[in-house]
Amino acid sequence: AILHAMFAQVFAQALALAAAGYLPPDARIAASRPCSALPRAGAIFASETREAGGQGPGAFLQRGLPKNQQPVREVQNLRREFLFDWPMDDGYTDKLKGLYGATMLVVSLPIAFDTYRVLPAQLPELLAAAHTGTAAFMVVAVLRLRLGWGFVQKRLKERVSYYEQNQRGFLAKKDDEAVLRDRLIEKSEVAPALRRIDRSLLPLLASLLVSTAALEISDVPVLRTLSGDSATRYTSQLRGDDEFAAAEQAKARQRMGGGAGEQENVKPLYCDSRYYKILAGGNSQGGVGCN
């Protein structure tokens, strides 16, 4: 028991000496005061209270790198950018749903309705076209998140950091403390955010492919702009194939809607121009569908 008490006393003195030797002067003075005499203050982040040399702001940052190019600072700056703080918590999916709904109602549906006006017959195509536009926008937005968070993850994992100074590029090797700190930040903050982003990106890509394929196989006529060789082939086929021209005219009538009597009086726009009727050819140069 006596040896145990002596060992405990020596161990306590050694700890006190070690603390006195390694703590900065201000901390030694504070440690000598009773707890009740210390002023109350909010939490102070280590990166804001000490410098890279050991005293002052930034002691826990990587040595040799400018403050604005520190991997830790890059993570902080990324979180301040618009949308980039969304993957930091479990509400990320709900925020994406809200963005999808707003884009669908305000932008995609009005644009799709300009093409698919015959309702309710073209309602499936209207929704598919609106979803295609919205999903394409969402994929771009989520890919932007993926690239940003992927970049900071790469910076945190690197053992040698690249930085620029005085219009030149340099490399700075991380010390063991910086490697452990960056690895902890990457595992606790960056990796979970990237997992949420990846889980949202795959369904968006799949739905975009499905809706695009559905529109391609749909038999609903859609006004498409042709140019180059495609326009030349289309015009030649209209001139030489009366059945194809009649089918195209029927599609145009279906797209315009209206009753049967109204559709019988529908004619191509070029029928009002003698020049374009001759250019279109067919039906004895009177223009296909103009008789």
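Residues numbered from 1 in each chain as written. Predicted model: local features only at pLDDT ≥ 70, side-chain atom pairs only at ≥ 80, totals over all residues. Heavy atoms only, no water.

### Some words on the pattern of salt bridges
By the definition in use, this model includes seven salt bridges. Notably, a salt bridge pairs Arg79 with Glu189, separated by 3.5 Å at the nearest N-O pair. Taken as a pair, Arg79 in helix α3 (residues 71-80) and Glu189 in helix α6 (residues 176-217) lie far apart in primary sequence, 110 residues in all. Looking at Glu189, the relative accessible area reads 28%, which means it is partly exposed. Look at the salt bridges and you will find they share partners, linking Lys174, Arg181 and Asp182 into a network. (Salt bridge = Lys/Arg side-chain N within 4 Å of Asp/Glu carboxyl O. Helix = DSSP H or I, 4+ residues; strand = E, 2+ residues; numbered from the N terminus. Buried < 20%, exposed > 50% of the residue type's maximum accessible area, 1.4 Å probe, protein only.)

### A closer look at the nonpolar core
In this structure, Tyr92, Val142 and Trp149 are the most contacted members of the largest nonpolar core, which totals 26 residues. Listing elements by their share of this core, those giving two or more residues are α3, α4 (92-113), α5 (123-157) and α6. If you look at the next biggest cluster of nonpolar residues, it comprises eight residues, including Met104, Tyr116, Ala128 and Ala130. (Core = buried A, V, L, I, M, F, W, Y, C linked by side-chain atoms within 4.5 Å.)

### A few points about the confidence of the model for the chain
Of the residues in the chain, 63% reach a pLDDT of 70 or more, and the chain-wide mean stands at 75. Within the chain, helix α2 (residues 25-32) has the poorest average pLDDT of any element, 43, and α4 the best, 95. Of the regions scoring below 50 in pLDDT, residues 17-57 engages in 33 contacts with residues more than four places distant in sequence or in other chains. (pLDDT = per-residue confidence, 0-100. Contact = heavy atoms within 4.5 Å.)

### A short note on the packing of α5 against α6
Put simply, α5 and α6 touch, their axes get as near as 8 Å, and they point 155° apart. Judged by the angle between their axes, α5 and α6 are roughly antiparallel. Helix-helix and strand crossings are classified by hand; for α5 and α6 the assignment is left-handed. (Axes fitted to C-alpha atoms, helices over the stretch in contact; angles between N-to-C directions. Parallel < 35°, antiparallel > 145°, perpendicular 65-115°, else oblique. Left-handed = near helix turned anticlockwise from the far one by under 90°.)

### Structural notes on the packing of aromatic side chains
Scanning all chains against the criterion turns up one aromatic pair. Measuring from centroid to centroid gives 5.5 Å for Tyr163 and Phe170, while their planes differ by 25°, and the two rings are stacked. (Phe/Tyr/Trp six-rings, centres within 6.5 Å; stacked < 30°, edge-to-face > 60°.)

### Description of the pairing of strand β2 (residues 168-173)
In this structure, strand β1 (residues 160-165) lies alongside β2, joined through six bridges in antiparallel fashion. Paired with Val160 across the two strands is Lys173, which belongs to β2. Connecting β1 to the next strand, β2, in antiparallel fashion are two residues, including Asn166 with a positive phi near 55°. (Pairing = 2+ DSSP bridges.)

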